[in-house]
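Breakdown of the fold
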Amino acid sequence: MTMQPSQADPTPDPVATVAPPVPAATSAGGAADQDLIDNEPALLAMLGDLKKLQAEFKLRNDFNLFDAVGIQRQEIRHSRFLAYLLDPRNPHGLGSEFLRAVLAQAVSTNRPPNVSALRVETTDLDLSTVYCERDHFDVSVEIPSLKLLFVIENKIDALESQDQLNAYRNRALDRYKDFNFLGVFLTVTGYQGDDTAWSAMGYGAIVAALKRACEHASLPPDTDMAIRHYIALVERNIVARCV
């Protein structure tokens, strides 16, 4: 009888044992989340810096009241708004400060008789009367304390007509004999008109005068918002386009 070799009980080979798979410590998404957590202070600081830049350089395209009503380059709308702000009797909170600032700018380049820069700065202008489109002048201001008729001829996209400024000055001298005449030719770039008796002024100077006036006034919130919107509109749609 042939003996069959006995089969030994299978004994696991410790070297050959296959270990169960070890799960990855983190997935790709988990690693990214961990990076965000580790760098959170730096990212928050970066967001804060971005907000400061947006505020400082006005990177956001914010709502603008004057853009909304479409007066970007409409001369008559600009003239009427400027006339409103120039009038010390209107309830805008500027008093006569805007009128004074614009006058000071005009007198610095073309001084009429008996109207010095010092008189402009020290004279009470509160009884001045402002008109829009009277005698074909875009804006005119009677200033009894200075015995002065102050006239603004406003041009944004339109061109100066031949002999227009000379004709307007003669009309003012003829109709307002008790007043000295001071004319401002207001344009996008501030170029000198044909009649050099008029002071040349650009819209950049108007913005500067308005900012100066605001520094010396306590404005109601509505006026403050309107002026800030107007300055932004002029700087973006008029001043910036003439560079």
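Predicted model, so just to flag it, every value in this text is computed and none were measured.

**As for the environment of Thr-129**
On the secondary structure map, Thr-129 appears in strand S1 (residues 129-134). C-alpha of Thr-129 to C-alpha of Asp-87: the two residues are 42 residues apart in sequence and 6.5 Å apart in space. Sequence-distant contacts of Thr-129, defined by excluding residues within four places in its chain, comprise Arg-89, Ser-140, Val-141 and Glu-142. A polar atom in the side chain of Thr-129 sits 3.4 Å from the side chain of Arg-89.

**Focus: the packing of helix H4 (residues 75-86) against helix H5 (residues 97-107)**
The N-to-C vectors of H4 and H5 enclose an angle of 110°; their axes lie 7 Å apart at closest approach. Considering their axes alone, H4 and H5 lie roughly perpendicular with respect to each other. Each of Leu-82, Leu-85 and Leu-86 in H4 lies in contact with H5, whose residues at this interface are Phe-98, Leu-99 and Val-102. For the contact of H4 with H5, the per-class residue count stands at six nonpolar, no polar and no charged.

**Observations concerning the nonpolar core**
Ranked by internal contacts, the top residues of the largest apolar core, which has 46 residues, are Phe-98, Leu-103, Ile-143, Phe-150 and Tyr-230. Counting residues per element, the ones that place at least two in this core are H4, H5, strand S2 (137-143), strand S3 (148-154), strand S4 (180-187), helix H8 (203-215) and helix H9 (221-239). A total of eight residues in this core trace back to one element, the largest contributor, which is H5. With residues up to four places along the chain from it excluded, the contact list for Tyr-230 reads Phe-66, His-78, Phe-81, Leu-82, Tyr-203 and Leu-210. Ranked by size, the runner-up nonpolar core spans ten residues in total, among them Phe-137, Leu-165, Tyr-176 and Phe-181.

**Overview of the packing of H5 against H8**
With their axes 8 Å apart at the nearest point, H5 and H8 run at an angle of 135° to one another. When the axes of H5 and H8 are compared, the pair comes out oblique. Crossing geometry of H5 relative to H8 is assigned as right-handed. Of the residues in H8, those in contact with Glu-97, Phe-98, Arg-100, Ala-101, Val-102, Ala-104 and Gln-105 of H5 are Ala-205, Ile-206, Ala-209, Leu-210, Arg-212 and Ala-213. Tallied by class, residues from the contact of H5 with H8 come to nine nonpolar, one polar and three charged.

**Thoughts on the side chain of Ser-79**
With respect to the helices and strands, the residue Ser-79 is situated in helix H4. Classification of Ser-79 as buried rests on a relative accessible area of 2%. Within the structure, the side chain of Ser-79 is placed 3.0 Å from the side chain of Asn-154, a separation counted as a polar contact. Every residue in contact with Ser-79, bar those within four places of it in the chain, is listed here: Cys-132, Asp-138, Val-139 and Asn-154.

**What about the pattern of salt bridges?**
Under the counting rule described, the total for this entry stands at eleven salt bridges. Note that Arg-169 and Asp-195 form a salt bridge whose closest N and O atoms lie 2.7 Å from each other. Remark: Asp-195 occurs in the loop between S4 and strand S5 (199-202) and Arg-169 occurs in helix H7 (residues 164-175); sequence separation between them is 26 residues. Pair check on accessibility: Arg-169 and Asp-195 agree, each one buried.

How each quantity is defined
Residues numbered from 1 in each chain as written. Predicted model: local features only at pLDDT ≥ 70, side-chain atom pairs only at ≥ 80, totals over all residues. Heavy atoms only, no water. Helix = DSSP H or I, 4+ residues; strand = E, 2+ residues; numbered from the N terminus. Contact = heavy atoms within 4.5 Å. Polar contact = N/O pair within 3.5 Å; in protein donor to acceptor, adjacent residues only side chain to side chain. Axes fitted to C-alpha atoms, helices over the stretch in contact; angles between N-to-C directions. Parallel < 35°, antiparallel > 145°, perpendicular 65-115°, else oblique. Nonpolar A, V, L, I, M, F, W, Y, C, P; charged D, E, K, R; others polar. Core = buried A, V, L, I, M, F, W, Y, C linked by side-chain atoms within 4.5 Å. Buried < 20%, exposed > 50% of the residue type's maximum accessible area, 1.4 Å probe, protein only. Left-handed = near helix turned anticlockwise from the far one by under 90°. Salt bridge = Lys/Arg side-chain N within 4 Å of Asp/Glu carboxyl O.

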